[in-house]
Amino acid sequence: MTRIIALANQKGGTGKTTTAVNLVAGLARHGQQRVLLVDLDPQANATAIFLGMAYVAGPNPGLTVYEVLTGKVEVAKAIRTIELASTVILDILPSHIHLAVAEQELISVFQRENQLQRALQSVQANYDIIIIDCPPSLGLLTINALMVANEVLVPIEPGFFPLIGLGLLRKTIETIKGANPKLRLMGLLPVRLNRTNLAASTLEQLTHAFGELVLSAIPERVVMGEANAHSQDIFAYAPHSDGAAAYLKLVEEVLHRGETNG
Ligand SMILES: Nc1ncnc2c1ncn2[C@@H]1O[C@H](COP(=O)(O)OP(=O)(O)OP(=O)(O)O)[C@@H](O)[C@H]1O
Ligand SMILES: [Mg+2]
């Protein structure tokens with residue numbers, strides 16, 4: 001069965017996109033996995049990293065997740081295949097700022113929260129893992145992701161404010177489980193971990209409250225932002241950095257959690 005993992009956190013700037021990009025790149029480089037990245041954020045940051053700034057800044061990007069969600073085209077027509085390295089390929093369903101109006105356009109559509117699930121049906125068997133990068137909100141786009149996903153991965157920045165929003169996200173997941181019973185919280189990923197006392201104490205609280213749900217942390221490193229700015233994943237930009245090592249560990253943990261949870 002295809003694992004569909006939504007990267008969600010309604011708080012902005014918690015490392016969803018950085019994690020989506022490096023997780024799909026790591027999984028694709030792993031070699032055994034057929035991977036699709038769905039960029040479900042109108043900010044199109046993941047698309048910019050893989051397809052370039054010119055693609056997202058231009059007025060006419062071609063077919064994107066916007067046309068797919070609003071039922072204008074079949075998903076297969078909008079998926080792009082890119083080469084991350086020789087013999088390493090990744091499929092991406094790109095986004096564009098156009099997606100920002102999809103919520104209004106879908107208002108009168110019957111079962112509008114199931115648009116992504118309906119759209120992916122025809123292609124999902126082609127993949128082992130589909131990763132969805134969600135926008136920083138719990139609006140219709142994120143709901144569409146949670147309706148099709150079977151797992152949620154929540155990147156979280158250790159600190160006081162990020163922990164407050166976690167309750168709301170868990171409540172949303174519980175509510176959506178009523179309509180999508182296969183959905184489960186796969187893990188909480190501490191990102192941008194630094195050496196401050198605040199980071200250490202909130203990481204401790206997180207582990208105390210959530211135990212094994214807490215994955216190995218990603219350290220705060222300038223090189224992570226640099227890789228994004230250079231439109232590269234961390235394995236291409238700084239393969240020997242501890243940021244790359246941390247994301248490789250995440251790839252292993254995600255694969256392991258798939259095995260143990262069937
Ligand atoms: N481990 C890290 N170390 C240092 N900087 C990081 C790290 N991870 C992410 N960043 C930087 O933090 C910022 C926010 O990260 P990112 O865009 O991945 O978050 P996001 O949750 O997708 O944001 P949004 O909610 O706007 O979609 C970016 O500038 C990114 O380069
Ligand atoms: Mg993002």
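What you see is a predicted model; the values in this text were computed from it and never measured. (Residues numbered from 1 in each chain as written. Chains lettered and ligands numbered in written order. Predicted model: local features only at pLDDT ≥ 70, side-chain atom pairs only at ≥ 80, totals over all residues. Heavy atoms only, no water.)

Draft legend 1. Layout of the overall build of the protein. When helices and strands are tallied, the protein shows 13 helices and 7 strands. What you see for the protein is a C-alpha radius of gyration of 17 Å, in line with the 18 Å of a compact globule of 262 residues. The principal-axis extent of the C-alpha atoms belonging to the protein is close to 50 × 45 × 35 Å. Counting all 262 residues of the protein, 54% fall into the buried class. For the protein, the share of sequence-separated contacts (at least 6 apart) that also reach a separation of at least 24 residues comes to 78%. Of the roughly 11700 Å² of accessible surface on the protein, 54% is carried by carbon and sulfur atoms. Across the protein, 20 positive and 23 negative side-chain charges occur, with their mean positions spaced 4 Å apart. (Helix = DSSP H or I, 4+ residues; strand = E, 2+ residues; numbered from the N terminus. Rg over C-alpha atoms; globule rule 2.2 N^0.38 Å. Buried < 20%, exposed > 50% of the residue type's maximum accessible area, 1.4 Å probe, protein only. Contact = heavy atoms within 4.5 Å. Areas by Shrake-Rupley, 256 points an atom, 1.4 Å probe, with all protein chains shown as cover. Lys, Arg positive; Asp, Glu negative; His and termini not counted. Charge placed at Lys NZ, Arg CZ, Asp CG, Glu CD.)

Draft legend 2. Summary view of the environment of Q33. Inspection of the secondary structure puts Q33 in the loop between α1 (16–30) and β2 (35–39). In this structure, the C-alpha to C-alpha distance between Q33 and I129, residues 96 residues apart in sequence, is 7.0 Å. Excluding its chain neighbours within four sequence positions, the residues that come into contact with Q33 are L27, A28, D128, I129 and L255.

Draft legend 3. Region of the structure containing the packing of α1 against helix α13 (residues 242–260). Orientation of α1 relative to α13, taken along the N-to-C sense of each, is 75 degrees, at an axis distance of 9 Å. As far as their axial angle goes, α13 and α1 are roughly perpendicular. Only Y247, L250, V251, V254 and L255 of α13 make contact with α1, whose side of the interface consists of T18, T19, N22, L23, G26, L27 and H30. Looking at side-chain class alone, the contact of α1 with α13 contains 7 nonpolar, 5 polar and no charged residues. (Axes fitted to C-alpha atoms, helices over the stretch in contact; angles between N-to-C directions. Parallel < 35°, antiparallel > 145°, perpendicular 65-115°, else oblique. Nonpolar A, V, L, I, M, F, W, Y, C, P; charged D, E, K, R; others polar.)

Draft legend 4. How the structure looks around α1. Taking 1.5 Å as the rise per residue, α1 with 15 residues should run 21 Å; its terminal C-alpha atoms sit 21 Å apart, in good agreement. Across the 15 residues of α1, 13 count as buried, placing the element largely inside the fold. The first or second residue beyond α1 is G31, which carries a positive phi of 95 degrees. (Expected span 1.5 Å × (residues − 1).)

Draft legend 5. Quick peek at the site of ligand 1. Residues in close proximity to ligand 1 total 19 residues, the closest being G13, K16, T17, T18 and R192. Between T18 and ligand 1, the recorded distance is 2.5 Å, taken from a side-chain N or O atom to an oxygen atom. Its free accessible area being 630 Å², ligand 1 has 82% of it covered by the protein chains. Among the detected pockets, ligand 1 sits in the largest pocket. (Near = heavy atom within 4 Å. Polar contact = N/O pair within 3.5 Å; in protein donor to acceptor, adjacent residues only side chain to side chain. 1 Å grid on protein atoms, 1.4 Å probe; cavity = no way out; pocket = protein on both sides within 12 Å on 5 of 7 lines; lining within 4 Å. Sits in = over half its atoms within 2 Å of the grid points.)

Draft legend 6. How the structure looks around the sheet that holds β2. Taken in spatial order, the 7 strands of this open sheet run β3-β4-β2-β5-β1-β6-β7, and their pairing is mixed. Edge strands, defined here as strands with exactly one partner in the open sheet, are β3 (80–85) and β7 (184–190). Each neighbouring strand pair of the sheet contributes to a mean axis angle of 25 degrees, computed without reference to strand direction. Pairing geometry for strand β1 (residues 3–7) and strand β5 (residues 129–133), over 5 bridges, is parallel. Bridged to I5 within β5 is I131. Against the sheet, α1 touches β1, β2, β3, β4 (88–93), β5, β6 (151–156) and β7, its axis set at about 165 degrees to β5. Its contacts with the sheet place helix α8 (residues 140–148) against β1, β5 and β6, and it is angled at close to 155 degrees to β1. (Pairing = 2+ DSSP bridges.)

Draft legend 7. Broad picture of unusual backbone geometry. With a phi angle near 70 degrees, T87 is a residue other than glycine that sits in the positive phi range. Considering the arrangement of structural elements, one finds T87 in the loop between β3 and β4. For T87, a relative accessible area of 78% puts it in the exposed group. For R192, which is not glycine, the phi torsion reads 55 degrees and is therefore positive. Here R192 is to be found in the loop between β7 and α10 (197–210).

Draft legend 8. Looking closely at the pattern of salt bridges. What the rule picks out here adds up to 8 salt bridges. With a shortest N-O distance of 3.3 Å, R34 and D128 are connected by a salt bridge. Of this pair, R34 sits in the loop between α1 and β2 while D128 sits in the loop between α7 (115–120) and β5, placing them 94 residues apart in sequence. Given the relative accessible area of 43%, R34 is considered partly exposed. (Salt bridge = Lys/Arg side-chain N within 4 Å of Asp/Glu carboxyl O.)

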